[in-house]
Every structure is written in structure tokens, then in C-alpha cells.
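Single-letter residue listing:
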Amino acid sequence: GAGVSQSPSNKVTEKGKDVELRCDPISGHTALYWYRQSLGQGLEFLIYFQGNSAPDKSGLPSDRFSAERTGGSVSTLTIQRTQQEDSAVYLCASSLPGASNNEQFFGPGTRLTVL
Amino acid sequence: RKEVEQDPGPFNVPEGATVAFNCTYSNSASQSFFWYRQDCRKEPKLLMSVYSSGNEDGRFTAQLNRASQYISLLIRDSKLSDSATYLCVVTFNTNAGKSTFGDGTTLTVKP
């Protein structure tokens, strides 16, 4: 079946612009996660959703970052007034809670470059 | 101190070598533990879960020591295709929730 998909795959924007990143999880996966990964670094947790609610927003770097999920499926991560330090790969993952290993399945990521 | 710390590497080993990676975590309430593999410019993929009793999958063996808050991954008979970055992952809920990734250990297996 289809895996996690993300769009766009690449996004180049100017400093100060807003961007919206999209994640389509695997059908039936109720948990959804957003991470970001800077070049040569590990994954930084941003937020996770259980259904449409976000029990843990602790990783969002600033109030310029927000995320929502509707219908228990698609999620969007919005970055307002982008800064150069926002440049990174933004990864989305989904999982099926209750599965024996709670494996997270990752999408290919959105590479964001802020000029 | 980071919540999850790994040997930074890089590890450069010849084919056939045995190599071990270590990972420590700071939150004693952590409940689920995993090793993920990430190839260059690709997304991470689950390699194996880590259980208290230890578990083995072919050439890969994972161990968990809750008392020492320590996780390990052993790779035997290394293959060229094992070259990747190995990420230690800790989750604070067995069902779902925040997952903390280590920065990864890079392995290069050479002919």
C-alpha cells in the first residue's frame, strides 16, 4: 500500500515568507509526527498528533511554527515569517498505536531552504 | 546533557568485522526503545525494537539495560550494505508519543 507522502519535496523561499508543508500519513495510522533534521544532525522532535489533537507541542521551536491535522489524516506544518535557521529537512512519520512495535513510518521529507 | 546520547563515530570497519554501537538515555521513565537506520539523504527506517530480554535479528543483536539506561546494537559479519547512520530512539509511552532520536552513529564498511 501507499506509504507516507509529503509535499512539496523541495521548497525554496525568501526570508520573511510563510510556508506550508503537507503530510499524508498511511491510511489508518492515528499517530502522526513532525521532525526536522538539519544537515549532518539528528532528528529534532517538533510535534505529534493522536487523531486530530496534539498532546505534545513541546518541540515547536517558536510561535512562528504551528501544525494542524484534520479528519485524523492529512497534517500541515506552517512556518510563518521564515528565517534562514529554519532551513532543514522536515520529516513526517505516522504509526499505528497499539501495534506490537509502534514502528514509525517516515515520508521522504520536505527540504526547505530559506534564502 | 542530551536526552539520548550516542557514540558519534564515524566507525570505519572492513567487511566481516563485528561492530558495536552504544546509546544512553537520561529519562528513567522511558518505555520503548528502537534502532533506526538512515541511509544518506533518505528517511529513517526501523531496524529493530529493543527489549529488556535482548533480541536478535540475523546479524543484528540489540540489548537494553534499564538499570544503566543503556542500549546497544551489535552487528556481526558486516556487509558493505550496512553502511549507514544508526539512530537510537527512545519513546516515553508504549502506545504513542514523543520520540527522542539520538544524533546517530555513522558506519562505513569498506571492502
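Further up the page is the structure itself.
Keep in mind it's a predicted model, so treat the numbers as computed, not measured. (Residues numbered from 1 in each chain as written. Chains lettered and ligands numbered in written order. Predicted model: local features only at pLDDT ≥ 70, side-chain atom pairs only at ≥ 80, totals over all residues. Heavy atoms only, no water.)

**Considering the interface of chain A and chain B**
Listed by partner, the interface residues are 22 residues for chain A and 19 residues for chain B. Regarding the contact of chain A and chain B, the summed buried area is about 1,700 Å², with carbon and sulfur atoms giving 51% of it. Our count for the contact surface shared by chain A and chain B stands at zero salt bridges. At the junction of chain A and chain B, the tally comes to three residue pairs in polar contact (both at pLDDT 80 or more). Partitioned by chemical class, the residues of the side of chain A that touches chain B number 10 nonpolar, nine polar and three charged. (Contact = heavy atoms within 4.5 Å. Buried area = accessible area lost by both parts, 1.4 Å probe. Salt bridge = Lys/Arg side-chain N within 4 Å of Asp/Glu carboxyl O. Polar contact = N/O pair within 3.5 Å; in protein donor to acceptor, adjacent residues only side chain to side chain. Nonpolar A, V, L, I, M, F, W, Y, C, P; charged D, E, K, R; others polar.)

**Things to note about the sheet that holds strand β7 (residues 60-65) of chain B**
Residue and element names in this part refer to chain B. Sheet architecture is open: five strands sit in the order β1-β3-β8-β7-β6, paired in antiparallel fashion. Only two strands of the sheet have a single partner each, and these edge strands are β1 (4-6) and β6 (55-57). Geometrically, the sheet is characterised by an average inter-axis angle of 15° between neighbouring strands, direction not taken into account. Here β6 runs beside β7; their pairing, made up of three bridges, is antiparallel. When the sheet's bridge partners are listed, D57 is paired in β7 with F60. (Pairing = 2+ DSSP bridges. Helix = DSSP H or I, 4+ residues; strand = E, 2+ residues; numbered from the N terminus. Axes fitted to C-alpha atoms, helices over the stretch in contact; angles between N-to-C directions.)

**Regarding the sheet that holds strand β7 (residues 65-69) of chain A**
Residues and elements named next belong to chain A. If you walk across this open sheet you meet the four strands as β1-β3-β8-β7, and the pairing is antiparallel. Only two strands of the sheet have a single partner each, and these edge strands are β1 (5-7) and β7. Across the sheet, the axes of successive neighbouring strands diverge by a mean angle of 15°, strand direction being ignored.

**Notes on the nonpolar core**
Formed by 23 residues in total, the largest nonpolar core has its most connected members in F21, W35, I71, L73, I75, Y86 and L107 of chain B. With near-sequence residues (within four places) excluded, F21 of chain B lies in contact with F11, W35, I71, S72, L73, I75, Y86, T105 and L107 of chain B. The next biggest cluster of nonpolar side chains, apart from the first, holds 19 residues, and it includes V4, V19, I47 and I79 of chain A. (Core = buried A, V, L, I, M, F, W, Y, C linked by side-chain atoms within 4.5 Å. Buried < 20%, exposed > 50% of the residue type's maximum accessible area, 1.4 Å probe, protein only.)

**As for the state of the cysteines**
On inspection of all chains with the given rule, the structure shows two disulfides over all chains. At a sulfur-sulfur separation of 1.8 Å, the disulfide partner of C23 of chain A is C92 of chain A. Because the torsion about its S-S bond is -65°, the bridge between C23 of chain A and C92 of chain A counts as left-handed. Of this pair, C23 of chain A sits in strand β3 (residues 19-24) while C92 of chain A sits in strand β9 (residues 88-95); the two residues are 69 residues apart in sequence, bridging distant segments of the chain. Since its relative accessible area comes to 0%, C92 of chain A is described here as buried. Covalently, C23 of chain B is tied to C88 of chain B through a disulfide, its sulfur atoms 2.0 Å apart. Across the disulfide from C23 of chain B to C88 of chain B, rotation about the S-S bond amounts to roughly -75°, and the bridge is consequently left-handed. Remark: C88 of chain B occurs in strand β9 (residues 84-91) and C23 of chain B occurs in strand β3 (residues 19-25); sequence separation between them is 65 residues. On the basis of relative accessibility, which here comes to 1%, the residue C23 of chain B falls in the buried class. Of the residues examined, C88 of chain B reaches a relative accessible area of 0% and is grouped as buried. (Disulfide = S-S within 2.5 Å.)

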